[in-house]
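# Coordinates in review
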Amino acid sequence: LCGLLLKDWLPWSLLLFSLMCETSAFYVPGVAPINFHQNDPVEIKAVKLTSSRTQLPYEYYSLPFCQPSKITYKAENLGEVLRGDRIVNTPFQVLMNSEKKCEVLCSQSNKPVTLTVEQSRLVAERITEDYYVHLIADNLPVATRLELYSNRDSDDKKKEKDVQFEHGYRLGFTDVNKIYLHNHLSFILYYHREDMEEDQEHTYRVVRFEVIPQSIRLEDLKADEKSSCTLPEGTNSSPQEIDPTKENQLYFTYSVHWEESDIKWASRWDTYLTMSDVQIHWFSIINSVVVVFFLSGILSMIIIRTLRKDIANYNKEDDIEDTMEESGWKLVHGDVFRPPQYPMILSSLLGSGIQLFCMILIVIFVAMLGMLSPSSRGALMTTACFLFMFMGVFGGFSAGRLYRTLKGHRWKKGAFCTATLYPGVVFGICFVLNCFIWGKHSSGAVPFPTMVALLCMWFGISLPLVYLGYYFGFRKQPYDNPVRTNQIPRQIPEQRWYMNRFVGILMAGILPFGAMFIELFFIFSAIWENQFYYLFGFLFLVFIILVVSCSQISIVMVYFQLCAEDYRWWWRNFLVSGGSAFYVLVYAIFYFVNKLDIVEFIPSLLYFGYTALMVLSFWLLTGTIGFYAAYMFVRKIYAAVKID
């Protein structure tokens with residue numbers, strides 16, 4: 001058995017691992033590099049404020065930060081709008097390779113900024129909710145350096161520092177029930193000097209953007225009329241407290257420091273994309289691959305051996321065998337292809353599953369090749385939305401052909417159901433959640449024009465393509481079933497307890513979920529904790545394993561069901577094949593309780609609302625994969641036996 005498994009899977013495994021190794025660290029930067037000369041302005045822009053405690057992003061100027069004379073928002077793509085990004089200019093004046101010791105923002109006649117009671121209360125609330133501020137310079141996000149000591153004995157004085165980075169910088173901090181604001185930002189920008197000819201001026205490229213946030217009270221900052229300031233020496237200064245019950249006066253200041261770096265422009269995102277421990281990821285993925293492939297190989301061999309024995313027994317032509325009564329799955333040959341209840345809804349859900357499968361496969365593959373770089377903000381979500389719309393032609397075609405096979409006649413109604421059932425549920429849930437986000441004045445709320453644009457895409461692109469695919473699928477020859485269906489359905493014997501539908505869902509969901517639960521942790525961290533996800537090489541391998549495991553588990557489950565003489569496998573197989581979605585829901589609840597610090601109602605509602613959409617989509621995806629694998633299996637085995 002081990003020899004057969006190695007012979008079958010080793011070449012493919014080596015190919016996939018080599019592909020994954022090459023693509024997990026490779027990416028196309030997405031934009032052309034910008035060359036700066038000495039003292040050229042480097043624009044600092046603000047993206048948004050985020051917090052993993054509230055899951056509600058806000059615009060930068062929702063807080064009383066210093067504003068430039070003219071506020072200009074960047075034109076954003078669909079993905080950026082859906083992510084809550086609102087990229088806007090800031091008054092920071094940064095010049096290439098030009099140091100600034102201390103500069104005061106929005107200071108008029110050397111007067112500090114006065115925050116009203118309402119503004120102070122809002123700032124204090126955002127600080128207690130652990131909000132982070134996200135800035136970008138030359139499209140490179142700001143990061144805060146964290147130096148952690150490795151685990152060593154306390155007697156060892158030479159402890160090694162483990163340098164990590166977190167996205168953005170903390171708005172402030174709390175200490176002994178007092179709230180402090182980070183009002184001074186020390187920018188550290190790294191540049192790479194480009195090789196030029198002797199008679200040409202040197203050019204520079206920004207390759208890293210760090211910040212050290214500090215809280216310095218008003219009395220310790222000395223400002224002059226030229227908007228320059230002097231930072232306090234040593235650690236004698238006190239932090240800038242924000243009292244939410246009264247007005248607060250403070251300075252917003254910043255300093256700029258430049259350092260030369262050997263990092264080339266094409267590798268400048270590596271720091272942000274390697275923030276997590278990749279070794280643990282590797283070990284977990286390899287462990288999942290070995291376990292899933294081994295179990296899949298065992299299941300395949302058991303099923304193939306059992307089927308060969310069954311088919312050989314059924315095809316014997318001895319007189320003794322002819323007089324014996326049929327038993328097992330051959331006994332239901334006259335009912336196994338009997339159309340199920342609600343064939344239109346079943347075919348519509350499967351059509352949406354095909355639409356999702358095509359979209360996810362293309363997105364993961366393109367992202368694995370490095371074409372959806374995080375430097376192209378919102379590109380991943382924009383690509384996914386447009387691909388889902390255009391994949392409607394494939395979803396409609398598969399749904400139309402299956403509906404015709406199930407003896408359906410109302411193809412126009414079926415096409416409308418396919419085009420609106422799943423997208424309608426998604427749009428309805430998102431609209432309700434969006435109303436709550438609107439009420440919180442968050443930038444995560446989808447603006448009304450964007451919502452109208454999405455509706456136009458749905459009814460102007462997806463709906464016609466689904467109708468087009470459904471029309472050709474319905475006109476195409478239906479699937480050729482190898483046996484005829486009896487006019488009178490046979491009676492189904494009483495089933496054992498382990499053939500219960502819910503028990504089947506629990507049993508069938510374990511193996512596919514085991515193949516992907518490690519990757520699920522990284523995906524959840526990227527979504528709910530504002531991390532970058534760029535492990536698409538791993539994700540592509542996990543997706544292939546998911547398809548294989550779903551297909552084989554669904555074949556095993558439908559074989560057991562037919563052996564129990566229960567021919568109502570259509571809906572049951574679709575539900576059971578998506579059983580891993582139940583475990584995804586359980587894991588999402590576990591993640592919410594143990595990993596996130598969400599206590600308020602609206603953030604909890606957003607988490608479980610979007611999680612419900614993820615679980616629904618995952619159920620459609622895995623259910624569709626399992627259904628078509630089981631359908632091909634059932635047609636194959638009944639075509640292999642002789643039936644009078």
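Everything numeric here is computed off the predicted structure, so don't read it as measured data.

### Things to note about the side chain of glutamine 240
Note on placement: glutamine 240 falls in the loop between strand S15 (229-230) and strand S16 (248-250). Here glutamine 240 falls in the buried class, since its relative accessible area comes to 5%. Not counting the four nearest positions on each side in its chain, glutamine 240 is found in contact with Ile179, Tyr180, Leu181, Asn183, Ser215, Ile216, Arg217, Leu218, Gln249 and Leu250.

### Things to note about the packing of helix H7 (residues 343-368) against helix H14 (residues 570-577)
Direction vectors running N to C along H7 and H14 enclose 30°, while the axes themselves pass 11 Å from each other. Relative to H14, H7 is oriented so that their crossing is left-handed. Two secondary-structure elements touch here, H7 through Ile345, Leu346, Leu349 and Leu350 and H14 through Trp570, Trp571 and Phe574.

### Observations regarding unusual backbone geometry
The phi angle at asparagine 39 is positive, at roughly 70°, despite the residue not being glycine. Within the element layout of this structure, asparagine 39 appears in the loop between helix H1 (2-23) and strand S1 (44-50). One non-glycine residue with positive phi stands out, namely histidine 441, at about 55°. Relative to the assigned elements, histidine 441 resides in the loop between helix H10 (411-439) and helix H11 (448-475).

### Here's the deal with the nonpolar core
Formed by 133 residues in total, the largest nonpolar core has its most connected members in Tyr60, Leu135 and Phe187. In terms of residue count, helix H16 (residues 601-639) provides more of this core than any other element does, 17 residues in total. Beyond its immediate stretch of four places on either side in the chain, leucine 135 contacts Ile44, Lys45, Ala46, Tyr60, Phe92, Leu140, Pro141, Val142, Tyr169, Leu185, Phe187 and Phe209. One finds Val292, Ile505, Leu541 and Ile553 within the second-largest nonpolar core, a separate group that totals twelve residues.

### Concerning the packing of aromatic side chains
Applying the stated criterion to the full structure yields 49 aromatic pairs. On the numbers, 6.5 Å between centres and 20° between planes, the contact of phenylalanine 427 with phenylalanine 431 is stacked. Taken as a pair, phenylalanine 427 and phenylalanine 431 lie in helix H10 at a separation of four residues, close to a single helical turn. With a relative accessible area of 24%, phenylalanine 427 lands in the partly exposed category. One aromatic cluster in this structure is built from Phe502, Phe513, Phe517, Phe521, Phe522, Phe524, Phe582, Tyr583, Tyr587, Phe590 and Tyr591. The cationic tip of arginine 126 hangs over the ring face of tyrosine 131; the distance from NZ or CZ to the ring centre is 5.6 Å. Taking the ring centre of tyrosine 479 as reference, the NZ or CZ of arginine 401 above it sits at 4.3 Å.

### Overview of the environment of histidine 409
One can find histidine 409 in the loop between helix H9 (392-405) and H10. By relative accessible area, which is 67% here, histidine 409 ends up exposed. C-alpha separation for the pair histidine 409 and phenylalanine 474, spaced 65 residues apart in sequence, amounts to 9.0 Å. Every residue in contact with histidine 409, bar those within four places of it in the chain, is listed here: Tyr403 and Phe474. Engagement of the side chain of histidine 409 in a polar contact is seen with the backbone oxygen of lysine 407, the distance being 3.4 Å.

### With respect to the state of the cysteines
Under the criterion given, the structure shown has one disulfide. Two residues share a disulfide in this structure: cysteine 102 and cysteine 229, whose sulfurs sit 1.7 Å from each other. Of note, the bridge from cysteine 102 to cysteine 229 carries an S-S torsion of about -90° and is left-handed in sense. Pair noted here: cysteine 102 is in strand S3 (residues 100-105) and cysteine 229 is in strand S15, with a separation of 127 residues, a long-range link. Overall, the relative accessible area of 6% leaves cysteine 102 in the buried class. Summary of cysteine pairing: cysteine 385 is not part of a disulfide, and the nearest cysteine sulfur, belonging to cysteine 430, is at 9.7 Å.

### Notes on the pattern of salt bridges
Taken as a whole, this structure holds twelve salt bridges when the rule is applied. Residues aspartate 220 and arginine 217 are paired through a salt bridge, measuring 3.1 Å at the closest nitrogen-oxygen approach. Its relative accessible area of 17% is what places aspartate 220 among the buried residues. Taking the relative accessible area as the measure of exposure, arginine 217 reaches 33% and is therefore partly exposed. Among the ionic contacts, a cluster of salt bridges with common partners joins Lys48, Arg83 and Asp85.

### Comments concerning the confidence of the model for the protein
Confidence along the protein averages 81 in pLDDT terms, with 86% of residues attaining 70 or more. In this model residues 1-30 is a low-confidence stretch, pLDDT under 50, and it forms 51 contacts with partners more than four residues away in sequence or in other chains. Per-residue pLDDT stays below 50 along residues 319-325; that stretch engages in four contacts with residues further than four places along the chain or on separate chains.

### Describing the side chain of threonine 90
In this structure, threonine 90 sits in the loop between strand S2 (88-89) and S3. The exposure class of threonine 90 is buried, given its relative accessible area of 8%. In terms of polar contacts, threonine 90 uses its side chain to reach the backbone carbonyl oxygen of isoleucine 44, at 2.4 Å. Apart from residues lying up to four places away in sequence, threonine 90 is in contact with Ile44, Lys45, Ala46, Tyr60, Tyr61 and Pro68.

Calculation notes
- Residues numbered from 1 in each chain as written.
- Predicted model: local features only at pLDDT ≥ 70, side-chain atom pairs only at ≥ 80, totals over all residues.
- Heavy atoms only, no water.
- Helix = DSSP H or I, 4+ residues; strand = E, 2+ residues; numbered from the N terminus.
- Buried < 20%, exposed > 50% of the residue type's maximum accessible area, 1.4 Å probe, protein only.
- Contact = heavy atoms within 4.5 Å.
- Axes fitted to C-alpha atoms, helices over the stretch in contact; angles between N-to-C directions.
- Left-handed = near helix turned anticlockwise from the far one by under 90°.
- Core = buried A, V, L, I, M, F, W, Y, C linked by side-chain atoms within 4.5 Å.
- Phe/Tyr/Trp six-rings, centres within 6.5 Å; stacked < 30°, edge-to-face > 60°.
- Lys NZ or Arg CZ within 6 Å of the ring centre and 35° of its normal.
- Polar contact = N/O pair within 3.5 Å; in protein donor to acceptor, adjacent residues only side chain to side chain.
- Disulfide = S-S within 2.5 Å.
- Salt bridge = Lys/Arg side-chain N within 4 Å of Asp/Glu carboxyl O.
- pLDDT = per-residue confidence, 0-100.

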